[in-house]
Amino acid sequence: MKVIEHLTRRTEPLFSYEIVPPPRGRTVQDVIDMVSLLKPLNPPWIDVTAHASEAYYHEKDDGSIERKIYKKRPGTIGICGIIQNRFGIDTVAHLLSLGFTKEETEDALIELNYLGIQNILALRGDGPNYKKVVSKDRSMNHHADELVSQIVDMNNGKFLEDISDCQPFNFCIGVAGYPEKHFEAPNLKIDILNLKKKVDAGADYIATQMFFDNQKYFDFVDECRSNGITVPIIPGIKILKSESQLTNLPKNFYINLPDELVENIHKNPTHAREIGKQWAEKQVIELLEHNVPCVHFYIMNDTHSVVDIVKKCQKL
Ligand code: FAD
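It should be emphasised that the depicted structure is a prediction, and the values quoted were computed from it without experimental measurement. (Residues numbered from 1 in each chain as written. Predicted model: local features only at pLDDT ≥ 70, side-chain atom pairs only at ≥ 80, totals over all residues. Heavy atoms only, no water.)

Student: Any chance you could explain the packing of aromatic side chains here in plain terms?
Tutor: The geometry of an aromatic ring pair is captured by two quantities: the separation of the ring centres and the angle between the planes. The tally for this structure, following the rule as stated, stands at eight aromatic pairs. The interplanar angle of 85° and the centroid separation of 5.6 Å between the aromatic rings of Phe-169 and Phe-171 together place this pair among those described as edge-to-face. Per residue, the accessibility class of Phe-169 equals that of Phe-171, and both read buried. Within the aromatic cluster, the residues linked to one another by ring pairs are Phe-15, Tyr-17 and Phe-297. Against the face of Trp-279 rests Lys-282, its NZ or CZ located 4.7 Å from the ring centre. (Phe/Tyr/Trp six-rings, centres within 6.5 Å; stacked < 30°, edge-to-face > 60°. Buried < 20%, exposed > 50% of the residue type's maximum accessible area, 1.4 Å probe, protein only. Lys NZ or Arg CZ within 6 Å of the ring centre and 35° of its normal.)

Student: Could you clarify how one ought to interpret a negative patch on the surface in this entry?
Tutor: Among the surface-exposed residues, Asp-213, Asp-219, Asp-222, Glu-223, Glu-286 and Glu-289 lie close enough to one another that they form a single negatively charged patch. Of all the secondary-structure elements, those providing two or more residues to the negative patch are helix H7 (214-226) and helix H10 (272-289). By the secondary structure assignment, Glu-286 is in helix H10. (Patch = residues over 30% accessible without salt bridge, like charges linked within 9 Å, V, L, I, M, F, W, Y side chains within 5 Å. Areas by Shrake-Rupley, 256 points an atom, 1.4 Å probe, with all protein chains shown as cover. Salt bridge = Lys/Arg side-chain N within 4 Å of Asp/Glu carboxyl O. Lys, Arg positive; Asp, Glu negative; His and termini not counted. Charge placed at Lys NZ, Arg CZ, Asp CG, Glu CD. Helix = DSSP H or I, 4+ residues; strand = E, 2+ residues; numbered from the N terminus.)

Student: Teacher, can you tell me more about the sheet that holds strand E2 (residues 45-48) here?
Tutor: By definition, the strands of a sheet pair up through backbone hydrogen bonds, in either a parallel or an antiparallel sense. Strand order in the closed barrel made by the eight strands is E1-E2-E5-E6-E7-E8-E9-E10, with parallel pairing throughout. For this sheet, the mean angle separating the axes of adjacent strands, direction not counted, is 30°. Each of strand E7 (172-177) and strand E8 (205-210) touches helix H6 (residues 188-201); the most contacted strand, E7, lies at about 180° to it. Here H10 sits on the sheet and contacts strand E1 (15-19), strand E9 (233-237) and strand E10 (295-298); the angle it forms with E9, its principal contact strand, is near 165°. (Pairing = 2+ DSSP bridges. Axes fitted to C-alpha atoms, helices over the stretch in contact; angles between N-to-C directions. Contact = heavy atoms within 4.5 Å.)

Student: Is there a simple way to explain the site of the ligand in this structure?
Tutor: The full set close to the ligand counts 26 residues, and Asp-126, Tyr-178, His-182, Asp-191 and Lys-198 are the nearest of them. Here an oxygen atom of the ligand and a backbone polar atom of Gly-125 are 3.1 Å apart. Between an oxygen atom of the ligand and a side-chain N or O atom of His-182, the distance comes to 2.8 Å. Within the complex, the protein chains bury 85% of what would otherwise be the 970 Å² of accessible surface of the ligand. Where the shell around the ligand is concerned, the elements lending two or more residues are strand E5 (90-96), strand E6 (119-123), helix H5 (144-155), H6 and E8. The element contributing the most residues to the shell around the ligand is H6, with four residues. Here the shell around the ligand is composed, by residue class, of eleven nonpolar, eight polar and seven charged. (Near = heavy atom within 4 Å. Polar contact = N/O pair within 3.5 Å; in protein donor to acceptor, adjacent residues only side chain to side chain. Nonpolar A, V, L, I, M, F, W, Y, C, P; charged D, E, K, R; others polar.)

Student: Looking at this model, I keep getting lost on the pairing of E7. Mind explaining?
Tutor: Here is the key point about a regular strand: its side chains alternate between the two faces of the sheet. With six of its six residues buried, E7 lies for the most part within the structure. By the alternation rule, side chains of E7 split into Cys-172, Gly-174 and Ala-176 and Ile-173, Val-175 and Gly-177, which are all buried. Relative to E7, E6 is paired through four bridges, and the arrangement is parallel. Along E7, the bridge assignment pairs Ile-120 with Ile-173. The pairing of E7 with E8 spans four bridges and is parallel.

Student: Before we go on, may I ask you to explain the side chain of His-182 in this structure?
Tutor: Here His-182 lies in the loop between E7 and H6. Residue classification places His-182 among the buried residues on the basis of a relative accessible area of 13%. Apart from residues no more than four positions distant in its own chain, His-182 is found in contact with Arg-124 and Asp-191.

Here it is as structure tokens:
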């Protein structure tokens, strides 16, 4: 079922989860174990992140340095297929525009459609240390709104090449939103205008970046609404578990952490997991009181605290 259908048919609060494919060298058993723990919580859907190729440097025996380009975490499509078909839980496959040609994107969407996956989170991704070389006969989407347009075209039966007799797809499309603005945007207003381009291109819903101060989310939703964005905006929550995350999360995700949370963890670093859990629980309760459509957890493969929080909040 589509995310948007889950949202409109819901009779109780929804809690969804985002997982990351295991790194190279690990097996899908990691995912199976994690989803087995989430399954009793009745997830409406699980997101599976996507990862572009990056350049890595490897020192050979003769001392020379070799540059290798590969994906550290391949397998988004396969993992979505396993979760959906083995556990009967809907999945949202993340798709990136950077690092993929439109032709590769079309093939990925065809595969997802074969597997019965109906939901895509359309993202630009980041251009880290490797830029894909694109041959002249290939084209790329740049910003996420272009990727949304490509998916909408396929939903209308329009493929890159004119293929007679092709079936239109029926993907539900989500896009990313940033309550504290995207790091490249000069200000929140411009970022929201760019977000509107994604919605105008055909996005059905917005999933937000993690935030630790609910007021940031409430203000963001108000700002989106006053700019004519009417689609559901799903809040993203991350449960802190260690003192090192106080510097890592702001650095990697360009978000702020409230003073109170930072001070509490600095005072009691050995209790970081418990403090993070209590903070997230407070956030979730307040979001539910504001009738959010769903709470989305960035579990990043740590199911520890989320299971306790959701079990408690499902009873509210
Ligand atoms: P865009 O919407 O293209 O925006 C990027 C920047 O460009 C913004 O500053 C925006 O204001 C601006 N912009 C947007 N459209 C235009 C336009 N038409 N013209 C000019 N400027 C424009 N990354 C991964 O690699 N894998 C994942 O699985 C993943 N999942 C994510 C899930 C969520 C919910 C979120 C919030 C982020 C996720 N990311 C993921 C991170 C994301 O890829 C990065 O934040 C990336 O830098 C921006 O992606 P975007 O889709 O928001 O890009």
